[in-house]
Amino acid sequence: MVLAAIVVGLGLGAAEAGYDGGLAAYERGDYALALTEWRPLADKGLAAAQNNLGLLYSQGQGIARDEAAAAGWFRRAAEAGHTLAQFNYGVALANGAGVARDLDAAAAWYQRAAAAGHVPAQYNLALISSDPRRAAEWYTRAAEAGHAPSQYNLAVLLSQGVERDLPRALALYRRAAEAGHALAQYNLGVAYATGAGVPRDGVEAMRWYRAAAGGGVSAAKFNLGVMLQEGEGAPRDARAAVELFRQAAEDGLAAAQFNLALAYSQGRGTPTDPTAAVLWYRRAAEQGYALAQHNLAVAYSEGRGLPKDAAQAVQWFRRAAEAGHLGAQFNLGLAYATGAGVAEDRAVAAAWYRRAAEEGLPEAQFNLAVLNAEGEGIAADPAAAIDWYTRAAEQGHAKAQVNLGYALAAGLGVARDLAQTATWYRRAAESGHATAQYNLGVIYAAGEGVPQDFATAIDWYRRAAAQGHAQALFNLGVLTAQGRGIERDPGEAARWYRQAADRDSAEAMNNLAIAYAAGEGVA
C-alpha cells in the first residue's frame, strides 16, 4: 500500500513571516488562517507554500476537500524541486487522487524525491517496483535510515526472494521488531518457533508473538494460542488459549475460528457447547476453510449443535472435498454410496473415493477396493481391488488386510498364496481385529500357509473369543472337546458352546444339545 502524504512542510525562517504564521496557525488547528497566510505565497511561487496548500485541499482543512486542486498545487511545487511535494504528487498519481492514475509517472516523481534522500519516497518506489532487485535497493536505502516498514519488507524479500539471505533477513526483522513493527515481531516469533535461522526457542517465540498480538496481528494471537494450548514456551493454559483464539476469530481469522469451534466441540479450555462450535465452524467454513467445512458437514450429519440435515451435510462435504479435503472426499463418496442426503450413485461414490484414495487415504482405498471387488457402480475389477486393498493394508488398515488375506487365499484377482494370506491375517490380528484373529486360528488349525499348530490356533481363537466372536467361541469348544492343542475337557467345551449359542451360533446350539443328550460336560 502506498504511504499517505506528509501533513505539513517545514518553516523557512523569518524571511517568510507569512509562511511561518501559517505554520503556527496550522499547529493551532486554525486551518482557515493557515490557508489565508499560504495562498499569497503559493501564488507568488513559494514551493513550500504550494505543497502545504495542496495538503489543505487534499484533507479538506480550512476549505472544501478538492483532490484535483490538491494535485495541481503538489505538481507546481514538485516542478519547482520541492522534495516533499514530489513525494506527495507521486502519491496522488499512484492513487489516482485528483489526477489520472499513472504508476509510471508516480515512480518518476518518487525517484526524484528518493534521490534527494526522502525515505517514504524510497519506500513507495520499492513498493511499486516490478523488479525485486531494484525494490531491494530502495528498501535498503530506507532501511538504513531506520524506516521499519522498509526493514520489514526487505527482510521478506531476503527470506523468500531471488537473493535469499536468511541471516540478514532475521537481523532486519529484529531491527523492525524492536522499533515496534508488529508484522516483523510476528515473523521473528515464527522464526523462533520453527527454528528458521535461529535456535528454536519457545520462550522467545512467545515473547515476540505477544508483542505482535499487542499490535493487532491476528496470526500472532492465533499462534500464541496454539503454543499455550500445547504448553510450548509456557505452561499449558487451555483457557488462555481459547481467549486468544476468540480474539483472532473475532478479527476474522479462519484458522482461529476453526480452533475456537474445536475447543467448544471438545470442551477444551471452555465448557462443551456444540451450538457455539457450529457457529464458529460456519464462520470459518464460509471463508472457504476446508477443515471447518468438513466439521460443519459432520455436525449436520450427526445432529451435533443443530438438527440433522443430510442434504446440508452433503453440500458442506462437497465444498470441502472440492478444496481437496481427503476426509470430505471420502465422506462425500460414502454419502453417494449410501444415498445419505443425495441420490444413491455408486459410480459417483467411486469417483470421490478415488480422489481421496490416490492421495493416500486408506479408508477411501478400502472402500474403492470393495466397489471394484463387487462391481458396484463400476465394472468389477478384481485386480484393481487387490491393488487398492494392498495400498490400504500397507498403511495398517485392518479390514483391508483381512480382505487382502481372503483374496490371496481364494485367488481372487491375484495368484493364490496362503503364506501371504497368513502374513496379512497376522498383521490385522495383531492390531486387534477379531475376524483376523479368528481367521488366523483357522489356518493354524488347518495348517494352510503355516505349519499346523493347534495350540497357536487356540491362542488366536481365544483372542477373537474375548471380543465376542461367535465362530471363535464355537471352534474353541470343538478343539477343547477333541483335546487338540489343549487338554480335553468336555465341561469347558460346553461352556464355550454355551457362549457361542448365546450369540446365535446354530452349530454351537447343536453341539450343546448333543452334549446334553450324552450327558457329557453338562449337569
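The notes below deal with the structure included here. Note that the structure is a prediction, hence the values are computed from the model and not measured.

## A look at the side chain of His181
Then step 1. Inspection of the secondary structure puts His181 in the loop between α10 (166-178) and α11 (182-194).
Then step 2. Sequence-distant contacts of His181, defined by excluding residues within four places in its chain, comprise Ala148, Pro149, Tyr152 and Ala176.

## Regarding the nonpolar core
Then step 1. Tyr19, Trp38, Tyr209 and Tyr389 are the most contacted members of the largest nonpolar core, which totals 143 residues.
Then step 2. Counting residues in each nonpolar core, the second largest holds 34 residues, with Ala436, Tyr438, Ile443 and Leu479 among its members.

## Topic: the pattern of salt bridges
Then step 1. Evaluation of the coordinates by the stated rule reveals 14 salt bridges.
Then step 2. Taking the shortest distance from any N to any O, the salt bridge between Arg268 and Glu230 comes out at 3.6 Å. Here the residue Arg268 occupies a position in the loop between α15 (254-266) and α16 (274-286), and Glu230 occupies one in helix α13 (residues 218-230), the gap between them amounting to 38 residues.
Then step 3. Judged by relative accessible area, which is 34%, Glu230 ranks as partly exposed.
Then step 4. Between Arg346 and Glu344 there is a salt bridge; the shortest N-O distance is 3.5 Å.
Then step 5. Classification of Arg346 by relative accessible area gives partly exposed; the value is 24%.
Then step 6. Connected via shared salt-bridge partners are Glu344, Arg346 and Glu376.

## Focus on the environment of Thr435
Then step 1. Structurally, Thr435 is set in helix α25 (residues 434-446).
Then step 2. Here Thr435 falls in the partly exposed class, since its relative accessible area comes to 31%.
Then step 3. Ignoring sequence-local partners within four residues, the contact set of Thr435 consists of Val402 and His469.

## A look at unusual backbone geometry
Then step 1. At Asp504, a position not held by glycine, the phi torsion is positive, near 70 degrees.
Then step 2. Residue placement: Asp504 occurs in the loop between α28 (490-501) and α29 (506-518).

## Focus on helix α4 (residues 67-79)
Then step 1. Look at α4: 18 Å from first C-alpha to last across 13 residues, which is about the 18 Å you get at 1.5 Å a residue.
Then step 2. If you check which residues of α4 are buried, you get Ala70, Ala71, Trp73, Phe74, Ala77 and Ala78. Looking down the long axis of α4, one finds its buried residues gathered within 165 degrees of arc, a one-sided arrangement.
Then step 3. Taking the backbone nitrogen of Ala68 as reference, a side-chain oxygen 3.2 Å away marks Asp66 as the first, capping residue of α4.
Then step 4. Immediately downstream of α4, the backbone of Gly81 shows phi near 95 degrees, a positive value.

## Digging into the packing of aromatic side chains
Then step 1. Applying the stated criterion across every chain yields a total of 15 aromatic pairs.
Then step 2. Taking the centre distance of 5.7 Å and the plane angle of 45 degrees together, the rings of Phe222 and Phe245 count as tilted. Here Phe222, found in helix α13, pairs with Phe245, found in helix α14 (residues 238-250); they are 23 residues apart in sequence, far enough to count as distant.
Then step 3. Arranged with centres 5.7 Å apart and planes meeting at 35 degrees, the rings of Phe330 and Tyr353 form a pair that is tilted. Note that Phe330 is positioned in helix α19 (residues 326-338) and Tyr353 in helix α20 (residues 346-358), a separation of 23 residues in sequence.
Then step 4. Among the aromatic residues, those joined into a ring-pair cluster are Tyr19, Tyr26, Tyr31 and Trp38.
Then step 5. Over the face of the ring belonging to Trp388 we find Arg391, whose NZ or CZ atom lies 4.1 Å from the ring centre.
Then step 6. Its end group placed over the ring of Trp460, Arg463 keeps NZ or CZ at 4.0 Å from the ring centre.

## Observations concerning α11
Then step 1. With 13 residues, α11 should cover 18 Å at 1.5 Å per step; its first-to-last C-alpha distance of 18 Å lies within 8% of that length.
Then step 2. Of all 13 residues that make up α11, 10 are buried, and the element is covered over most of its length.
Then step 3. For α11, every residue scored as buried is listed here: Ala182, Ala184, Gln185, Tyr186, Asn187, Leu188, Gly189, Ala191, Tyr192 and Ala193.
Then step 4. Its buried side turned inward, α11 meets α9 (148-160), α10, α12 (202-214) and α13.
Then step 5. The positive-phi residue at the C-terminal boundary of α11 is Gly195, with phi of around 70 degrees.

What counts and what doesn't
Residues numbered from 1 in each chain as written. Predicted model: local features only at pLDDT ≥ 70, side-chain atom pairs only at ≥ 80, totals over all residues. Heavy atoms only, no water. Helix = DSSP H or I, 4+ residues; strand = E, 2+ residues; numbered from the N terminus. Contact = heavy atoms within 4.5 Å. Core = buried A, V, L, I, M, F, W, Y, C linked by side-chain atoms within 4.5 Å. Buried < 20%, exposed > 50% of the residue type's maximum accessible area, 1.4 Å probe, protein only. Salt bridge = Lys/Arg side-chain N within 4 Å of Asp/Glu carboxyl O. Expected span 1.5 Å × (residues − 1). Arc of directions from axis to C-beta. Polar contact = N/O pair within 3.5 Å; in protein donor to acceptor, adjacent residues only side chain to side chain. Phe/Tyr/Trp six-rings, centres within 6.5 Å; stacked < 30°, edge-to-face > 60°. Lys NZ or Arg CZ within 6 Å of the ring centre and 35° of its normal.

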